Amino acid sequence: MGVTRQRRSPSPAPRQCIVCRRRTPPPGAAPALLPTSVRARTSTADATWQDWTPASGLPRGNKVKYSGALIADMDGDGWYDLVLNNHDQTRLQVYWNNRRGRFLRGQDALPYRMDAHGMAAGDLGGAPGADWVVMQGGSNGATPAPPRLLRTRGPARRLVQAQRRAGVAGPASAGRGRTPLLADLDGDGDLDLVLLNYDLAAGDRGPRQKVYENIGGGVFRQRRRTGLEDLTVERAIVTDLNGDGRLDIVAFPYLRLLLATGPFAFTDVTLRWLWGMPNWSALRYGVRAVAEVDTANAGVADLYLCRHPRQDVLLRNRGTRLAASPAGAVPAGTASGDVTVGDFNNDGRLDLFLSHPAGTANGRPGWRPDTLLTAIGDGRFRASTSHGATQWTVAPGDSVQAFDYDRDGRLDLLVGGGDEVTAWRGFSGVPGPWSLFTSTIPRAGAGGATTGSYSPSAARRRARAPRGGRRSASARGGGAQADVPPPPRGGGGGGGTTDELRLVHFGLGGRDYVDQVRVRWSNGEVRWLSPPPVDKVTTVTK
């Protein structure tokens with residue numbers, strides 16, 4: 001395979017290549033867009049960040065939280081926007097990226113406060129930009145409520161409620177809402193919908209969990225007997241556990257592994273996949289967050305489980321079962337509340353950043369140091385708390401989400417601090433702030449960033465972007481060639497919110513150039529790029 005060799009920078013600076021999925025569909029398939037980026041650096045030093053909150057335009061002050069913000073390119077201009085969720089204390093706050101390092105407060109998503117819980121974003125077709133769903137809590141079961149579905153009117157930055165037209169506004173969609181999932185569950189190239197609920201309200205005959213098929217144009221029809229309806233879970237991520245190309249579901253806090261066996265058909269394989277592991281039964285309870293991370297670059301999704309106050313667990317994926325990771329893979333005493341995955345130092349390995357609940361000092365709440373786990377090979381990590389991205393607050397860490405907010409080729413962090421409630425049944429919670437930390441690792445190129453363009457006009461011509469496609473890359477240089485592990489599918493964090501991150505990062509380490517990139521759509525189509533450039537933005541238009 002012919003390659004065009006890129007000149008090696010004389011400095012230990014990162015390189016990048018961003019590969020975006022197509023704008024137009026091939027015959028007989030729904031369109032999709034999912035960018036893939038490749039970034040490199042010749043150093044294996046731990047990543048560092050600086051607090052950019054005062055200059056970011058984000059709000060100041062402390063509020064309660066619920067499962068993180070929503071991160072998505074809502075207006076279709078190629079830059080990430082935010083929806084901040086302060087649970088029931090404020091309206092859902094929309095912040096638009098001004099493409100110059102700041103977020104601008106927009107019109108609130110809804111003209112009223114609501115018991116807002118998990119959110120999910122995706123492209124349901126039509127106007128450019130990401131559409132999104134937010135779940136309602138249902139007032140502890142007293143008034144079960146349906147979700148709200150917001151459609152974005154592209155560059156106008158106008159949000160329109162569309163749950164009624166979409167078919168998810170009636171009593172059948174109501175519940176004690178927790179987490180929505182937008183994913184292609186039947187392999188036809190568009191986004192289907194799963195609504196996860198806490199419990200059945202009094203008098204509600206079910207089902208507890210509700211599954212909807214996208215029948216075209218963002219209109220949904222409820223499906224039955226999928227294998228998900230009776231699960232006692234609240235949150236979930238979408239992944240491919242066995243590598244068969246179908247989208248599986250990992251649900252929690254009562255850990256359940258659901259393998260897809262066909263369109264809208266799932267089988268619970270939890271016992272079979274965990275059986276034989278030390279203390280395997282204890283792993284099934286008290287999971288606060290889950291992230292997929294390919295620690296061994298084996299092409300399958302390993303699972304990182306946050307289990308505060310118990311020790312976090314990394315489960316290695318053997319293709320037909322999960323196995324305990326080697327002793328010491330996760331540093332002893334690591335017990336976190338949320339996790340996000342990314343190649344934070346661009347060395348070609350996937351790292352983890354952990355948000356911790358509040359510590360204590362003299363029996364009172366104290367500030368908590370969050371933890372960076374830098375991958376060092378063989379599925380092991382080096383822990384650090386001197387990374388510059390800790391919130392100096394006594395509030396517990398509710399969420400942490402990795403994304404490149406300023407498109408400079410480096411992963412930034414959005415951290416949300418605060419309990420979910422301030423007072424409930426004798427519990428006294430502590431509110432906290434939102435914080436944006438920008439990466440301070442060396443920029444691409446010797447003299448500054450050399451990223452290419454992801455033009456707004458190109459973004460506006462794209463169509464639906466189903467979640468769940470597979471991305472992989474092979475890189476060479478410096479006497480080495482290796483496949484680069486793909487980043488996770490589910491977005492920035494491991495809790496109850498699913499972002500739509502179209503700029504997906506791969507690190508190259510000390511390698512000079514990318515040999516090839518493989519992009520697989522959720523409907524099975526595959527596109528190869530050989531070789532894509534580094535330090536550029538390349539849009540795939542298949």
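Source: prediction; values computed, not measured.

Chemist: Hey, could you go over the overall build of the chain for me, with residue numbers and the actual values?
Modeler: Per the secondary structure count, the chain includes four helices and 40 strands. The long-range fraction of contacts in the chain, counting pairs at least 24 apart against all pairs at least 6 apart in sequence, stands at 59%. Within the structure as shown, the chain displays about 19400 Å² of accessible surface, and the carbon and sulfur contribution to it stands at 48%.

Chemist: Could you give me a rundown of unusual backbone geometry, with the residues and numbers involved?
Modeler: Geometrically, the link from Gly206 to Pro207 is a cis peptide bond, its omega value of 5° lying close to zero. Within the fold, Pro207 resides in the loop between β13 (192-197) and β14 (210-214). Pro253 follows Phe252 through a cis peptide bond whose omega is 20°. Residue placement: Pro253 occurs in the loop between β17 (248-252) and β18 (256-262). For Asn346, which is not glycine, the phi torsion reads 55° and is therefore positive. Of note, Asn346 is situated in the loop between β24 (338-342) and β25 (351-355). On the accessibility criterion, Asn346 (2% relative accessible area) is buried. If you check the backbone angles, Arg407 has positive phi at about 55° while not being a glycine.

Chemist: Can you tell me about the sheet that holds strand β20 (residues 289-293), naming the residues and giving the values?
Modeler: Spatial strand order, β20-β21-β22-β23: four strands in an open sheet with antiparallel pairing. Among the strands making up the open sheet, the edge pair consists of β20 and β23 (322-324). Averaged over all neighbouring strand pairs, the angle between strand axes comes to 30°, with direction disregarded. As paired elements, strand β22 (residues 313-317) and β23 share three bridges and run antiparallel to each other. Across the sheet, Asn317 pairs through a bridge with Leu322, a residue of β23.

Chemist: How would you sum up the packing of aromatic side chains? Please name residues and give values.
Modeler: Tallied over the full model, the rule gives seven aromatic pairs. Centroid distance Trp49 to Phe353: 5.6 Å. Interplanar angle 80°. Geometry classified as edge-to-face. One end of the pair, Trp49, is in strand β3 (residues 49-51); the other, Phe353, is in strand β25, and 304 residues separate them in sequence. We note that Trp49, like Phe353, is buried. Here Phe403 and Tyr405 contribute two aromatic rings whose centre-to-centre distance is 6.4 Å and whose plane-to-plane angle is 55°, an arrangement assigned as tilted. With relative accessibility at 1%, the residue Phe403 sits in the buried group. Chaining the aromatic ring pairs together yields one cluster made of Tyr80, Phe103, Phe403 and Tyr405. Sitting over the ring of Trp79, Arg407 keeps its end group 5.0 Å from the ring centre.

Rules behind the numbers
Residues numbered from 1 in each chain as written. Predicted model: local features only at pLDDT ≥ 70, side-chain atom pairs only at ≥ 80, totals over all residues. Heavy atoms only, no water. Helix = DSSP H or I, 4+ residues; strand = E, 2+ residues; numbered from the N terminus. Contact = heavy atoms within 4.5 Å. Areas by Shrake-Rupley, 256 points an atom, 1.4 Å probe, with all protein chains shown as cover. Buried < 20%, exposed > 50% of the residue type's maximum accessible area, 1.4 Å probe, protein only. Pairing = 2+ DSSP bridges. Axes fitted to C-alpha atoms, helices over the stretch in contact; angles between N-to-C directions. Phe/Tyr/Trp six-rings, centres within 6.5 Å; stacked < 30°, edge-to-face > 60°. Lys NZ or Arg CZ within 6 Å of the ring centre and 35° of its normal.

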